[in-house]
Amino acid sequence: MATKTTIAIAILALIALTAPASAADQATAVLKDADGKEVGKVTLIAVPTGVLLAVDLTAMPPGDHGFHIHGIGQCEAPSFKSAGGHFNPEEDEHGLLNDAGPHAGDMPNIHVPASGKLRVEVLNQSVNLGMGLLGGKGTAIVIHQGADDYISNPAGDAGPRIACGVISE
Ligand SMILES: [Cu+2]
Ligand SMILES: [Zn+2]
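From a predicted model like this one, the values you see are computed outputs, not experimental measurements.

Q: I'd like to hear about the overall build of the protein chain, residue by residue, with values.
A: Looking only at helices and strands, the protein chain features 2 helices and 8 strands. If you list the helices and strands of the protein chain from N to C, you get α-β-β-β-β-β-β-α-β-β. Expressed as a percentage of its 169 residues, the buried residues of the protein chain come to 37%.

Following this line, the structure appears as structure tokens:
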């Protein structure tokens, strides 16, 4: 009798532990440019050390572009300023080369070839999906016209925002 009860409680505890994680183990951001045209998609997958971003761009200007997670889940064209600054829950400074950084939303530049198409996977170990990217005001993926210099505040001197996608379940 006591053993059965113990097992039942153990199973319930297991369900309670695993349910929240599986509720948000994947998210998506459909990227649109300033004209509202779809230019790519990012699939975000929860992994034990953070979030793996599978980037699939279909129509971007060739060249080097800053690639970040911004701290508000709103993409209002054409400026995409509605997405706010970089996702930065720890209140760090900007930049992968900054001793006082980086923002959790800082990630390496992407390099788009002449075709305008690029597939790349990026591991961000400073974020998580459940209480992080999908919580609060939400978050958005933003691609900039220029490259992030990895040090200038507040946003790496990467220029205007040319594509944006709200991260959603
Ligand atoms: Cu940005
Ligand atoms: Zn930043």
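Q: Any details on the sheet that holds strand E6 (residues 118–124)? Residues and values, ideally.
A: Ordered by their spatial adjacency, 8 strands build an open sheet running E5-E4-E7-E8-E1-E2-E3-E6, and the pairing between neighbours is antiparallel. Each of the sheet's edge strands pairs with one partner strand only, and the pair in question is strand E5 (106–112) and E6. Between one strand axis and the next, the sheet turns by 20 degrees as a mean value, whatever way the strands run. Direction of pairing for strand E1 (residues 26–33) relative to strand E8 (residues 161–166): antiparallel, over a ladder of 2 bridges. Residue pairing across strands places Asp33 opposite Ala163, the latter belonging to E8.

Q: Any chance you could break down the pairing of E8 for me, citing the residues and the numbers?
A: In terms of residue burial, E8 counts as a mostly covered element, since 6 of its 6 residues are buried. Where strand E7 (residues 140–144) lies against E8, 5 bridges are found, and the strand directions are antiparallel. Considered in E8, the bridge of Ile141 is made with Gly165.

Q: Describe unusual backbone geometry, with residues and values.
A: Cis geometry marks the peptide bond from Gly101 to Pro102; its omega dihedral reads -5 degrees. By the secondary structure assignment, Pro102 is in the loop between strand E4 (63–70) and E5. Backbone torsion omega between Asn153 and Pro154 reads 10 degrees, so that peptide bond is classified as cis. For Pro154, the position within the fold is in the loop between E7 and E8.

Q: Can you explain the confidence of the model for the protein chain? Please cite residues and give values.
A: Residues at a pLDDT of 70 or more form 86% of the protein chain, whose mean pLDDT is 90. Across residues 9–22 the pLDDT falls below 50, and counting only partners more than four positions away or on other chains, this stretch makes 1 contact in the model.

Parameters and conventions
- Residues numbered from 1 in each chain as written.
- Chains lettered and ligands numbered in written order.
- Predicted model: local features only at pLDDT ≥ 70, side-chain atom pairs only at ≥ 80, totals over all residues.
- Helix = DSSP H or I, 4+ residues; strand = E, 2+ residues; numbered from the N terminus.
- Buried ≥ 20, exposed ≤ 12 C-beta atoms within 10 Å, placed from the backbone.
- Pairing = 2+ DSSP bridges.
- Axes fitted to C-alpha atoms, helices over the stretch in contact; angles between N-to-C directions.
- pLDDT = per-residue confidence, 0-100.
- Contact = placed C-beta atoms within 7 Å.

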